[in-house]
Structures are given as C-alpha cells and as structure tokens.
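As a plain string of letters, each chain reads:
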Amino acid sequence: MAVPAENTPAAPASAPPAIAFEGVTIRFATPSGEIHTVMSEVDLAVEEGTFVALVGPSGCGKSTLLNAAAGLLFPPAGTVRVFGETLTGINPHAAYLFQQDALLPWRTVLDNVCLGLTFRKVPKARAAAEARRWLKRVGLAAFEDRFPHQLSGGMRKRVAIAQAWIVNPRLLLMDEPFGALDVQTRQIMENELLELWQETRKTVLFITHDLEEAIALADRVVVLSTGPARIKGDYAIDLKRPRDVAEIRLDPAFNALYKRIWADLRDEVLKQEEGAHGA
Amino acid sequence: MARERPPAVVATRKRASRWLVLALQVGFFVLVTGTWQAGATTGWLDPFFFSKPSDIAGRMAEWILSGYIWPHLIVTLTEAMAAFAIGIVTGVLAGLALARVELLAAVFDPYIRIFNALPRVILAPILIIWFGLGMGSKIALGVTLVFFVVFFNTFQGVREVDPVVLNNARMLQASDHQLMRHVYLPSAMAWIFSSLHTSIGFALVGAVVGEYIGASQGIGYVVSQAQGVFDTTGVFAGLILTSIVVLCIDLAIEALERYLLRWRPQS
C-alpha cells in the first residue's frame, strides 16, 4: 500500500470515518429492575487506517462500545455509522478479536481459520489454501490438524488473528485480545500484531485497561470515564513507526505521553474504586 | 513440544488402573454367580424361583445353538433401533427448534412437562390398539421414551452454547442456518451423546415391555411365555441376553462418541 511510514491516516479527510459513534447511549435493566446507564452521549469518530486504543477503568463500558461497533448490541439512543452508513445488523466490514477463546473447539485449526470463508461460501480448496497461507504467516503451519485445546493460549490467539484477518476486514475490533496471556507471550503477540498492522494498515479499535499497551500500539488513545462512560480525553500518539513494544517503552516521548494520559486515567480509576467500595 | 510428555505418563497410569478395574469386575461377577450357584445347589435358594446360573447359561447356549432365539432377538432389535433412530431425529429437531424459538418453548413447555411426567408404560395398551400387535406399537412406545431424553438434552445443549463462540461466528458472517450447523449442533453434541446412553436402554425397554404386553415375537414375548409356565430359567435367560445386547450397543455408541467428540480435552 502506498501509505507513508509515518503516522498519517490513510484516508483523505473528506472520506467518512471508518466508525463513528454519534450520541450513543447504552442502558441495561439490572435484575432488580433498576436502569443502569453504561454510557451516555458518546461521540467518537475513528478515521480509516488508524489504530485507536480505548482505555478506561475496568467495567466502564469499553466492551459495550465495541459490541455496539460490531453490531452485536444496539444502543437505545444514538447511531453507529460504519464508513458513513448507519449500522443495522452485524457489522459486515468488521472482524472481532475477543479476550476469551472464541475458536470453535470442535474444529481443527485449519477449519477454524477457514471459517469466515466457509460462511461466505468460498470453495473449499481455495479457502484451505488461503488458510494455510495465513497459518504459515502466524507460524502455525505445522499445527493445522490440531484442535484448539491442544494449543497454548498464545497459539490460540494466533489462530484467532488468522481467522479474523483472512476475510480481509476493513475494520478490526479488539477487546483486550491479549489480556489473558502471560507478559512475555503478550509482548510477542503485540509485536506480531503491529507487524501485521504495518503491512495492511487496517482501521483498528483496540480496547485495553493497560495504558502502556495502548500507547505502545496506537496512533490515538481515547480515555473513557467511569460509568456512565463519556470521552474524558483524546490523545494523538506521535511515536515513530514501525515500533517494537518493548523498545518504545524506553523512549522519553513514551514516558511523557504516559504521564499526561495517566493523570487523566488515574482520576477515573480512583473514582471507580471508590464506587466499588461504596457499593 | 512441552505437551508430548504428560499424555504418555497419563496413558501408563490409565492402563494399570484399567487392568485392576477389569480384574475387580470379573471378581465381582464370579462372586455373585458363585454364591447364586452354590445357594441354588445347596437348597438355600429355591431353584424354582431363582433358577441356577449353570441352567441359565445352558438355556442361553441351547437357544443360540438351536437358532430358536435369533428371530426373536432380531425382531426386538429392529424395534429398538427403529425407536432409537426415530426418537433421536425427532428429539434433536424438536430440541433445536424449541431452544431457538422462544415462543415455541413457552407454548409447549407445560405439555412437554405433562407428557414427560406420564409413566409411558400406561400408553402401551392404547398404542397396541392404534398400531396393532406387530412391531409398530413397540416402536411407538420406544419413541415416546427416547424422544424426551434426547429432546431435553438437545435443548439444554443449545442453551449452553458459549456466547463468545457464538458471537465470533456471527461476526464472521455466519447465517442462521450456518450457526445451527457449525455452532449450535456441535455444541449440543456432547449433551446429545450423553442422552444416547440412557435412551438406547429406553428404546429396548419400549420394545421388550411392548412385546411383554402383547406380541407373537420378540424377547419380551419369550420372557412372557416362560413366565406363563413358571420357567424362571427362561425368564432369566431372556433378561441376561437383553442386557448383553444393550451393553454391546452402548459400547458401539461410546466408540462413536469418542470419535465425534475427539475435539474435547481429555480430563
């Protein structure tokens, strides 16, 4: 792709954003019948080709926002637009990387990677060839006949990445995808993700509660406040690319950004803690 | 690979314990039949009511060698397998439908409860009136037993689908039909299989009880004939033969289950 290595969005300014939340409000009825507002009036636009990280205290409704972008959940107020079009069902442009294991446990690695193509009725042989290419890409060529439970957590994540990427989505939604991995594996996976992203420059909406991860990966970090969630801060991360997540943490610019954003985030985490103890 | 060692260790341990279990199983059998045989020989147990293991074994051998039992066994097995097959298909279809369509589940819930609570043997007379003394009535009785076991398990299995796996498939653009085939059904498979072990027994219960009440062929008929002349040896021989057949079918189901559910982690 003819995208410069720096931090410029791939799409011209006139193109509609890859994803736009407009006045999105989400409420749930609790079992006791109370109405719990998870987020109110959230406005957020993500330009095509950018890597945006959403951070916020746990339980602030980050996942809810992502599910609204996926079309898995419909906000009672406000609209979600995908490339300019109002979302009315499952988002056809998006792939989703879940924190939990989301592979079909009864399918082999190869069949799992094929899944999106199978659902789109791509001929079997072509789907398998494409899947093998992706398995090779994520370093799991030798494991195509295994079942998910026979793989380690990191390997299962790689399969999930191949499964999401194979359908060539324009938008990638990631809900703390590496949250369940150990620190070392996590760093390896973050680097692999960045490498893949560098090649394709797909729009990414990445959720994490780990601010370091957010800064290391993203072009832009959006801080959500604790419930009901609103946008508290929006920071451009102008660190050089390509990055190595371990090295970038030693960059003085990284530390400066971390301090600035953490000041914002800390208040929310504290508020959330107080709320939890008060309840 | 770090994983390759542990399974080898587990396998050896499993093997050792399997021999022990087998030895104890045989020991238990010898103990029970030995006591029975001794009791019947010494007169502690009245052979008129309890027969003798040696007599029963002799009778079974006689039946098998003379070819007398085969037609009866084939009739009973045909009835049981037909009931089993029809019960599985209808049970799975009904389970999938009711688990997916909230309204259907709500409407049929009370009727299913009532019908399931009903002792099915009570239906045998009416089924014989409807379907006659032949195989039809036995199959129908077996179906009423098998259906509910399979139905409840399928229903539960579909309800227990991991929502993350389901959402992932939806994000990959699975249609409703594809979700059913690739997600709901395989997810319910473990539940369905556990219901098959119970329902193969029920299918045979349906066949044998139906034959016992009214038939001219089948193991149930043989047992009922033997009972009519106070031939306890014949009754026991029929019972034991039926049990052996059930055990064989159950082992076959287990082998199929092991193959189809090979994706599950061994615990």
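Please read these numbers as outputs of a predicted model, since none were measured by experiment. (Residues numbered from 1 in each chain as written. Chains lettered and ligands numbered in written order. Predicted model: local features only at pLDDT ≥ 70, side-chain atom pairs only at ≥ 80, totals over all residues. Heavy atoms only, no water.)

Asks: For the overall build of chain A, give the residues involved together with the corresponding values.
Replies: Helix and strand counts for chain A stand at eight helices and 10 strands. Relative to a compact globule of 279 residues, whose C-alpha radius of gyration would be 19 Å, chain A shows 19 Å and is just as compact. Counting across all 279 residues of chain A, residues that qualify as buried make up 52%. Contacts in chain A between residues at least 24 apart in sequence constitute 70% of all its contacts with a sequence separation of at least 6. Carbon and sulfur atoms form 53% of the exposed surface of chain A, whose accessible area is close to 12,300 Å². Distance between charge centroids for chain A: 5 Å, based on 31 positive and 34 negative side chains. (Helix = DSSP H or I, 4+ residues; strand = E, 2+ residues; numbered from the N terminus. Rg over C-alpha atoms; globule rule 2.2 N^0.38 Å. Buried < 20%, exposed > 50% of the residue type's maximum accessible area, 1.4 Å probe, protein only. Contact = heavy atoms within 4.5 Å. Areas by Shrake-Rupley, 256 points an atom, 1.4 Å probe, with all protein chains shown as cover. Lys, Arg positive; Asp, Glu negative; His and termini not counted. Charge placed at Lys NZ, Arg CZ, Asp CG, Glu CD.)

Asks: Explain the UniProt feature "transmembrane region" (unreviewed entry) in chain B to me, and be specific about the residues and the numbers.
Replies: All names here are of chain B. Residues annotated by UniProt as "transmembrane region" (unreviewed entry) correspond here to residues 80–99, 111–133, 139–158, 188–213 and 233–253. Taken end to end, residues 139–158 is 100% helix and 0% strand, and its two terminal C-alpha atoms sit 27 Å from one another. Between the first and last C-alpha atoms of residues 188–213 the distance is 36 Å; the span itself is 100% helix and 0% strand. (UniProt positions renumbered as here; feature names shortened; annotations may be inferred.)

Asks: An account of the packing of helix α3 (residues 53–66) of chain B against helix α11 (residues 232–260) of chain B is needed here, citing residue identities and associated values.
Replies: Residue and element names in this part refer to chain B. Look at α3 against α11: their axes get within 9 Å of each other, and the N-to-C directions meet at 70°. The orientation of α3 with respect to α11, classified from their angle, is roughly perpendicular. The two elements α3 and α11 meet at a crossing, and its hand is right-handed. Touching Asp55, Ile56, Arg59, Met60, Trp63 and Ile64 of α3 are Thr233, Gly234, Phe236, Ala237, Gly238, Ile240, Leu241 and Ile244, all from α11. Along the lines of polarity and charge, the residues of the contact of α3 with α11 split into nine nonpolar, three polar and two charged. (Axes fitted to C-alpha atoms, helices over the stretch in contact; angles between N-to-C directions. Parallel < 35°, antiparallel > 145°, perpendicular 65-115°, else oblique. Left-handed = near helix turned anticlockwise from the far one by under 90°. Nonpolar A, V, L, I, M, F, W, Y, C, P; charged D, E, K, R; others polar.)

Asks: Can you tell me about the environment of Ala174(B), naming the residues and giving the values?
Replies: Note on placement: Ala174(B) falls in the loop between α8 (163–171) and α9 (176–213). When its relative accessible area of 15% is taken as the criterion, Ala174(B) is described as buried. When near neighbours in sequence (up to four residues on either side) are disregarded, Ala174(B) contacts Phe119(A), Ala169(B) and Leu179(B).

Asks: An account of α11(B) is requested, with residue identities and associated values reported.
Replies: Helical periodicity: at 3.6 residues per turn, an α-helix aligns residues three or four positions apart in one direction. In this model, α11(B) (29 residues) spans 42 Å end to end at C-alpha, consistent with the 42 Å of a helix rising 1.5 Å per residue. Buried residues of α11(B): Thr232(B), Thr233(B), Gly234(B), Ala237(B), Gly238(B), Leu241(B), Thr242(B), Val245(B), Ile249(B), Asp250(B), Ile253(B) and Glu257(B), and no others. (Expected span 1.5 Å × (residues − 1).)

Asks: I'd like a description of the sheet that holds strand β7 (residues 171–175) of chain A, backed by residues and values.
Replies: Residue and element names in this part refer to chain A. Taken together, six strands build an open sheet; the order of strands is β6-β7-β8-β3-β9-β10 and the sheet is mixed. Lying at the two open borders of the sheet, with one neighbouring strand each, are β6 (94–97) and β10 (231–236). Direction aside, neighbouring strands of the sheet carry axes that sit 15° apart on average. Pairing geometry for strand β3 (residues 51–55) and strand β9 (residues 220–224), over four bridges, is parallel. Within β9, the residue paired with Val52 across the bridge is Arg220. Running over the sheet, helix α1 (residues 62–70) touches β3, β6, β7, β8 (203–208) and β9 and is turned about 150° from β7. Lying on the sheet, helix α5 (residues 183–200) is in contact with β3, β7 and β8; it crosses β8 at an angle near 160°. (Pairing = 2+ DSSP bridges.)

Asks: Give me the sheet that holds strand β4 (residues 77–82) of chain A: which residues, what numbers.
Replies: Residue and element names in this part refer to chain A. Spatial ordering of the open sheet is given by β2-β1-β4-β5, a layout of four strands whose pairing is antiparallel. Two strands lie at the open edges of the sheet, namely β2 (35–46) and β5 (85–86), each paired on one side alone. Across two bridges, the pairing between β4 and β5 is antiparallel. In the sheet register, Arg81 faces β5, and the bridge partner there is Thr86.

Asks: Any details on the environment of Phe48(B)? Residues and values, ideally.
Replies: Residues and elements named next belong to chain B. Note that Phe48 resides in helix α2 (residues 47–50). Look at Phe48 and you get partly exposed, because its relative accessible area is 43%. C-alpha separation for the pair Phe48 and Phe230, spaced 182 residues apart in sequence, amounts to 8.0 Å. The residues touching Phe48, leaving out its near neighbours within four places in the chain, are Phe230 and Thr232.

Asks: Break down unusual backbone geometry for me, with residues and values.
Replies: Note: most residues except glycine have negative phi, and most peptide bonds are trans. Residue Pro242(A) follows Arg241(A) across a cis peptide bond; omega there is -5°. A positive phi is found at Arg201(A), a non-glycine position, where the angle reads about 50°. Counting through the fold element by element, Arg201(A) comes out in the loop between α5 and β8. Its identity as a non-glycine residue notwithstanding, Gln173(B) has a phi of 70°, on the positive side.

Asks: Tell me about a nonpolar patch on the surface, residues and numbers included.
Replies: Where nonpolar side chains cluster on the molecular surface, the patch consists of Val101(B), Leu103(B), Leu104(B), Val107(B), Phe108(B), Tyr111(B) and Ile114(B) and spans about 680 Å² of accessible area. Under the relative-accessibility criterion, Ile114(B) is labelled exposed at 58%. (Patch = residues over 30% accessible without salt bridge, like charges linked within 9 Å, V, L, I, M, F, W, Y side chains within 5 Å. Salt bridge = Lys/Arg side-chain N within 4 Å of Asp/Glu carboxyl O.)

Asks: Please set out the pattern of salt bridges residue by residue, giving values where relevant.
Replies: When their charged atoms lie close together, side chains carrying opposite charge are able to pair. All names here are of chain A. Tallied over the full model, the rule gives 22 salt bridges over all chains. For the salt bridge of Arg158 with Glu192, the shortest nitrogen-to-oxygen distance reads 3.0 Å. Remark: Glu192 occurs in helix α5 and Arg158 occurs in helix α4 (residues 153–165); sequence separation between them is 34 residues. When its relative accessible area of 18% is taken as the criterion, Arg158 is described as buried. Here Arg249 and Glu190 are joined by a salt bridge, their closest N and O atoms 3.3 Å apart. With Arg249 in the loop between α7 (245–248) and α8 (252–278) and Glu190 in helix α5, this residue pair connects regions lying 59 residues apart in the sequence. Both residues of the pair, Arg249 and Glu190, count as buried. Via salt bridges that share partners, Arg186, Glu190, Asp210, Glu212, Glu213 and Arg249 belong to a single interconnected network.

Asks: Can you break down helix α10 (residues 219–228) of chain B residue by residue, with the values?
Replies: Residue and element names in this part refer to chain B. Regarding α10, the residues found buried are Ile219, Gly220, Val222, Val223, Ser224 and Ala226. If you follow the buried residues of α10, they end up packed against α3, α4 (69–100), α9 and α11. Note on α10: the residue one or two positions beyond its end, Phe230, has a positive phi of about 55°.

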